[in-house]
Structure formats: structure tokens, C-alpha cells
Amino acid sequence: MTRPIAISDSANFYVSAERIFDPSLKDVPVIVLSNNDGCAVARSDEAKALGIKMGEPLHLIRDKIEAHGVRVFSSNYTLYGDISRRVVEVYEDYTPNVEIYSIDECFLDFSGFKDRIIHARAMRSDVLRRVGVPVRVGIASTKTLAKCANDIAKKNPIFAGVLDIMDPTLSSWLLPLVPVGDIWGIGRKTAAKLKGIGVGTAAELRDMPLRQARALGTVVLERTVLELQGESCIAFDDVEPQRKGMAVTRSSGVPMKDFDTLFQAITAHATRAAEKLRQHGLVAGTLTVFFHTNRHRSDRPQYAGSRSTRLTPMSSDTFELVGAAKRCAIAAWPKGNTQAYGFTKAGIMLDDLLPLEDRPRTLFDVPKGSPALMKAFDAVNTRFGKKALVLGSEGMTRSWQLRANYRSPRYTTRISDLPVVR
């Protein structure tokens with residue numbers, strides 16, 4: 001029996017999250033910016049109609065913003081992450097198996113439901129009622145076909161946000177509507193190659209000989225062709241796979257020219273990385289610190305520093321990770337006159353992750369850090385808000401923090417930001 005797979009994604013998710021708490025944003029052009037208020041990474045339909053492109057720099061569209069009253073917001077990842085969690089909670093009421101694909105997309109197992117369209121519409125209505133975010137649902141026999149169905153449902157109002165193409169006849173009728181460049185997993189270069197041999201739609205790619213697909217785009221393209229033919233090649237993950245690595249990286253709001261400022265940022269990133277490890281019950285075996293200048297500034301000298309170290313024993317202790325990060329940062333710091341450099345990005349990467357109970361031990365292992373202290377550390381920040389308790393090396397001024405001049409309140413995660421009804 002073919003397993004029906006649905007994918008549900010949120011419409012213009014960042015914009016939709018902003019609109020939940022600000023009704024004045026309805027039916028007006030809205031954009032959300034990338035880190036450091038750089039580029040438009042989310043656009044309402046009204047903003048798209050004005051010709052604002054994905055990734056367009058803010059400074060190039062200021063005239064358009066002023067002329068058309070476009071509302072501008074900085075990325076508010078705390079809000080978006082919490083809204084995403086709430087959407088997933090609704091999905092879990094409609095299927096026992098949910099695979100989170102991204103912050104605004106989830107694959108859902110729709111096996112066993114007699115009328116999948118009615119079920120999907122009820123779920124869609126419930127997400128809108130309980131969370132306030134509009135979603136669209138595509139249903140098919142494979143993940144790639146489900147993505148195609150979702151894409152068609154987005155662009156064609158006749159489907160009212162839900163499209164089921166489990167029927168091969170319906171699939172054959174609709175796949176010619178999907179441009180090959182819009183297919184999941186087909187990048188620009190591969191799309192250009194396909195168009196060069198006359199393959200311009202999902203239907204034409206589905207009918208491509210498997211040997212030719214492999215020759216043109218390796219086994220990855222061959223797998224996509226099989227998925228379009230209805231053969232499931234991308235497994236549905238009922239259980240979230242264990243994380244093998246983790247990274248916390250940020251661009252700086254202003255160039256970091258001295259070691260103390262850089263280390264404040266690295267301390268903050270290492271602290272966050274340690275928190276994430278403990279949230280997932282993991283420990284890390286390798287830590288890497290990196291930082292670099294703005295590669296696009298030809299008028300300034302360039303430098304990129306990176307060092308790695310083993311964590312022995314493996315750890316998720318904030319003090320241990322910050323201490324290791326400092327040793328790496330000192331080793332990677334440039335020699336001579338460092339004021340000429342302005343470091344614009346820094347980060348922490350953790351590898352060799354294992355569950356705490358599975359970490360290797362030796363006869364002479366001496367546990368470092370204090371689990372009780374870390375538990376108390378997390379409890380304080382959970383109760384009183386992030387950054388209520390920080391290490392001194394993170395500093396208080398945090399001049400390196402991202403620019404977010406247009407950020408909305410964190411309505412759902414901070415009591416001080418709760419909306420007030422007057």
C-alpha cells in the first residue's frame with residue numbers, strides 16, 4: 001500500500017508571524033530583513049507585487065519602501081521559532097508522524113485517513129484558528145511529488161490551499177504546470193542543463209531516461225526522476241535523526257577590532273552552543289572557533305582565523321566550552337597591528353556529538369564542570385529570560401550584536417513584550 005505523504009508549509013511565514021499580533025499589517029506590503037538588516041528575506045504578496053525581489057538589499061529599495069508605505073521588520077527569530085513550534089503542535093493533533101523539514105515546512109504521514117482532503121482542510125483551518133498562520137498542503141506518494149503538489153496549491157486558488165495528487169491521472173495532468181527549476185532539489189545549474197536538452201517541466205523530467213538523468217546530474221537527479229514517477233526514494237523520518245554537528249554563528253553589527261570585543265562575541269556563541277547541547281542531552285568532542293573580515297571590502301586588509309581543539313572529556317559545560325574557545329581564539333588571533341582588521345563574523349562549531357550517557361570514558365577520566373551548576377544556570381535563564389545570567393567575559397555592552405533596528409516585540413516568549421489590550 002502506497003504511503004500518502006503530505007507537506008504543509010506556512011505562507012510567507014516570517015510575514016505571517018508578524019501579522020498575528022499587528023492587524024494593521026493585513027493587506028499592506030511587508031518585508032522582513034536578514035541578519036544585520038541587510039536584505040529582504042521574506043515578502044508579503046503585496047510586496048512581491050511591487051517588484052521587491054528575494055535577497056534584494058535594503059539600501060537599494062528605500063525609495064520603493066517610502067513611495068508605497070512598505071512596512072519593514074528585522075528578523076525576530078525568537079518569535080518565529082515559537083510560532084513554528086505552535087504550528088507543529090497542531091500538526092501533531094492530526095497525524096502521529098511529523099517530520100520537521102524547516103522552520104515553516106513539515107512532512108506529515110497521512111496514512112489511514114479515509115478522506116485526506118477533508119482531513120487536510122480541517123488541519124489547515126485549525127492552524128489558522130489556533131495560531132493565526134495560513135498554511136498550504138500538498139499530498140502525494142513521494143516527498144518530491146508532495147512538494148510539487150504544494151507548489152501548485154500555492155499558485156492556484158482553485159485548490160483552496162490543499163491538493164492531493166495520489167491519483168496518477170491527476171498527477172500526470174498537473175505536473176506539466178511545475179517548472180523544472182521549482183522542483184525540490186533542482187538547483188539553478190541543473191535546471192539550466194535540463195532546459196538545454198529540452199526538459200522544462202516536472203512532467204518532462206519524470207519521463208527522462210534514468211541513465212540519462214544519472215549522467216547529467218548523478219544519482220541525486222536519478223532519485224528525483226524516480227520520485228516523480230511515484231517511487232519513494234527519500235525516506236520519511238519518523239524519528240528525528242541524531243545531530244552530528246552544531247554551529248552558532250553571527251555577523252557583527254559593527255566591525256570587531258580588538259580581541260576583547262571579539263571574545264565577547266565568541267563567549268556568547270559558545271554559551272548558546274552549550275545551552276543547545278544540554279537541551280538535546282548531548283556532549284561534544286570537538287570545538288572549532290572561527291572569525292573573519294568582510295570579504296567584500298577591498299579597501300581593508302583581509303584575515304580569516306580558525307582553530308579546533310578536542311574536548312577531553314566530552315562536555316556540554318558552558319565554562320569548559322568558553323575556556324576551550326578562548327584558547328582557540330588566542331591561537332588564531334593575528335599578529336602585529338590588528339587595528340587594521342575589522343572582523344565582521346565569528347562563530348563556534350561543535351562536532352563529534354554523542355548522547356551524554358554514551359560518551360566514552362577511561363579509567364582516569366576526571367569529570368569537569370558541575371552538572372548542578374549548569375542546571376541552575378539554565379533554570380535562571382528560563383525563568384527570568386535569556387541573558388539574565390551570563391559569563392563576565394560576554395560583557396554588558398555587546399557592541400558586536402547584530403543590527404535589528406526594526407525588530408518587533410517577542411510577544412510569546414517575554415512577559416515584558418506581551419501585547420497590551422486597551
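Residues numbered from 1 in each chain as written. Predicted model: local features only at pLDDT ≥ 70, side-chain atom pairs only at ≥ 80, totals over all residues. Heavy atoms only, no water.

Under the annotation held in an unreviewed UniProt entry, the chain carries the name DNA-directed DNA polymerase and is attributed to Octadecabacter arcticus 238. Taken from UniProt, the Subunit (unreviewed entry) comment for the chain reads in full: "Monomer." (UniProt positions renumbered as here; feature names shortened; annotations may be inferred.)

Asker: Looking at this model, I keep getting lost on the overall build of the chain. Mind explaining?
Answerer: What the chain contains, in helices and strands, is 13 helices and 13 strands. Whereas a compact globule of 422 residues would reach a radius of gyration of roughly 22 Å, the chain reaches 24 Å, a difference of no more than 12%. Of all 422 residues assigned to the chain, the portion counted as buried reaches 46%. Contacts spanning at least 24 positions in sequence make up 69% of the contacts within the chain whose residues lie at least 6 apart. (Helix = DSSP H or I, 4+ residues; strand = E, 2+ residues; numbered from the N terminus. Rg over C-alpha atoms; globule rule 2.2 N^0.38 Å. Buried < 20%, exposed > 50% of the residue type's maximum accessible area, 1.4 Å probe, protein only. Contact = heavy atoms within 4.5 Å.)

Asker: What is the right way to look at the nonpolar core in this model?
Answerer: Inside soluble globular proteins, nonpolar side chains tend to come together where they are buried. Ranked by size, the top nonpolar core spans 36 residues in total, and within it Ile266, Leu277, Leu287, Val289, Phe291, Ile348 and Leu350 carry the most contacts. Of all the secondary structure elements, the ones that give two or more residues to this core are β9 (245-256), α11 (259-279), β10 (282-293), α12 (318-332) and β12 (343-351). Excluding residues within four positions of it along the chain, Leu350 makes contact with Lys244, Gly245, Met246, Ala273, Leu277, Ala284, Thr286, Leu287 and Leu321. (Core = buried A, V, L, I, M, F, W, Y, C linked by side-chain atoms within 4.5 Å.)

Asker: What is the right way to look at the domain arrangement of the chain in this model?
Answerer: When the parts of a complex come together, some accessible area is lost, and that lost area is often used as the size of the interface. Each domain of the chain was delimited in the assignment, giving domain 1 (1-166), domain 2 (168-239) and domain 3 (246-394). Residue-level contacts link 24 residues of domain 1 with 20 residues of domain 2. At the boundary of domain 1 with domain 2, total buried surface from both sides reaches about 1900 Å², with 67% on carbon and sulfur atoms. Considering only the surface of domain 1 that becomes buried against domain 2, Lys143, Thr144 and Leu145 emerge as the three largest contributors, covering 26% of it. Run the count over domain 1 and domain 2 and you get 1 salt bridge. Counting every contact that joins domain 1 to domain 2 gives 6 residue pairs in polar contact (both at pLDDT 80 or more). At the level of secondary structure, the elements contributing two or more residues to the side of domain 1 that touches domain 2 comprise β5 (98-102), β6 (105-109), α6 (143-155) and β8 (162-164). (Domains from an automatic or database assignment. Buried area = accessible area lost by both parts, 1.4 Å probe. Salt bridge = Lys/Arg side-chain N within 4 Å of Asp/Glu carboxyl O. Polar contact = N/O pair within 3.5 Å; in protein donor to acceptor, adjacent residues only side chain to side chain.)

Asker: Quick question: what am I supposed to make of the packing of helix α4 (residues 77-91) against helix α5 (residues 116-130) here?
Answerer: Each packed pair of helices is defined by two parameters, the angle between the axes and the distance between the axes. It is at 10 Å that the axes of α4 and α5 come closest, and there the two elements cross at 140°. One finds that α4 runs oblique with respect to α5. Judged by the sense of rotation from one axis to the other, the crossing of α4 with α5 is right-handed. On α5, the residues touching Val87, Glu89, Val90 and Tyr91 of α4 are Met123, Asp126, Val127 and Arg130. Across the contact of α4 with α5, the residue classes tally to 5 nonpolar, no polar and 3 charged. (Axes fitted to C-alpha atoms, helices over the stretch in contact; angles between N-to-C directions. Parallel < 35°, antiparallel > 145°, perpendicular 65-115°, else oblique. Left-handed = near helix turned anticlockwise from the far one by under 90°. Nonpolar A, V, L, I, M, F, W, Y, C, P; charged D, E, K, R; others polar.)

Asker: Explain a nonpolar patch on the surface here, please?
Answerer: Taken together, the side chains of Val380, Phe384 and Leu389 define a hydrophobic patch exposed on the protein surface, amounting to about 260 Å² of accessible area. Locating Val380 in the fold gives a position in helix α13 (residues 371-384). Judged by its relative accessible area of 30%, Val380 is partly exposed. (Patch = residues over 30% accessible without salt bridge, like charges linked within 9 Å, V, L, I, M, F, W, Y side chains within 5 Å. Areas by Shrake-Rupley, 256 points an atom, 1.4 Å probe, with all protein chains shown as cover.)

Asker: I keep staring at the sheet that holds strand β2 (residues 30-33) and nothing clicks. Help me out?
Answerer: Each strand in a sheet pairs with another by means of backbone hydrogen bonds, the pair being arranged parallel or else antiparallel. Pairing in this open sheet of 3 strands is mixed, and the strands run β3-β2-β4 from one edge to the other. Each end of this open sheet is capped by a strand with a single partner; those strands are β3 (40-43) and β4 (71-73). Each strand of the sheet is rotated relative to its neighbour by a mean of 25°, with strand direction disregarded. Judged from the 3 bridges that link them, β2 and β4 form a sheet pairing that is parallel. In the strand pairing of β4, Val32 is matched with Phe73. Against the sheet, helix α1 (residues 13-20) contacts β2, β3 and β4, and its axis sits at roughly 110° relative to β2. (Pairing = 2+ DSSP bridges.)

Asker: Is there a simple way to explain the environment of Leu350 in this structure?
Answerer: Secondary-structure assignment places Leu350 in strand β12. By relative accessible area, Leu350 is classed as buried at 1%. Along the chain, Leu350 and Lys387 lie 37 residues apart, while their C-alpha atoms are 21 Å from each other.

Asker: Help me understand the environment of Gln264 in this model?
Answerer: Relative to the elements of secondary structure, Gln264 occurs in helix α11. In the structure, Gln264 is positioned 103 residues away from Gly161 in sequence and 47 Å away in space, judged by C-alpha atoms. Ignoring sequence-local partners within four residues, the contact set of Gln264 consists of Ser393, Glu394, Gly395, Thr397, Arg398 and Trp400.

Asker: What is the right way to look at the packing of aromatic side chains in this model?
Answerer: How two aromatic rings sit relative to each other is given by the distance of their centres and the angle of their planes. If you walk through the whole model with that rule in mind, you get 19 aromatic pairs. When the ring of Tyr303 is compared with that of Phe343, the centres are 6.1 Å apart and the planes differ by 75°; the resulting orientation is edge-to-face. In this pair, Tyr303 sits in the loop between β10 and β11 (304-315) while Phe343 sits in strand β12, placing the two residues 40 residues apart along the sequence. In this structure an aromatic cluster arises from ring pairing among Phe259, Phe263, Phe291, Tyr303, Trp333, Tyr341 and Phe343. (Phe/Tyr/Trp six-rings, centres within 6.5 Å; stacked < 30°, edge-to-face > 60°.)

Asker: Would you explain the packing of α1 against α4 in this entry?
Answerer: Contact geometry for α1 and α4: axes closest at 10 Å, N-to-C directions at 90°. Taken together, α1 and α4 sit at an angle that is classed as roughly perpendicular. Note on element contacts: α4 touches α1 through Tyr77, Leu79, Tyr80, Ile83 and Ser84, opposite Phe13, Tyr14, Ala17, Glu18 and Ile20.

Asker: Would you take a moment to explain the pattern of salt bridges for this structure?
Answerer: Oppositely charged side chains may form a pair once their charged atoms are brought near each other. A complete count under the given rule lists 22 salt bridges for this structure. For Asp109, the salt bridge is made with Arg3, and the minimal N-O distance between the two is 2.9 Å. In this pair, Asp109 sits in strand β6 while Arg3 sits in the segment before β1 (5-10), placing the two residues 106 residues apart along the sequence. Relative accessible area serves as the criterion here: at 8%, Asp109 is assigned to the buried category. Judged by relative accessible area, Arg3 falls into the partly exposed class, the value being 29%.

Asker: Please explain the sheet that holds β8 as it appears in this structure.
Answerer: Ordered in space as β5-β6-β1-β7-β8, the 5 strands form an open sheet in which the pairing is mixed. Of all the strands in the sheet, the pair left with one neighbour each is β5 and β8. For this sheet the average axis-to-axis angle between neighbouring strands, irrespective of direction, equals 15°. Note that β1 and β6 share 5 bridges and pair antiparallel.

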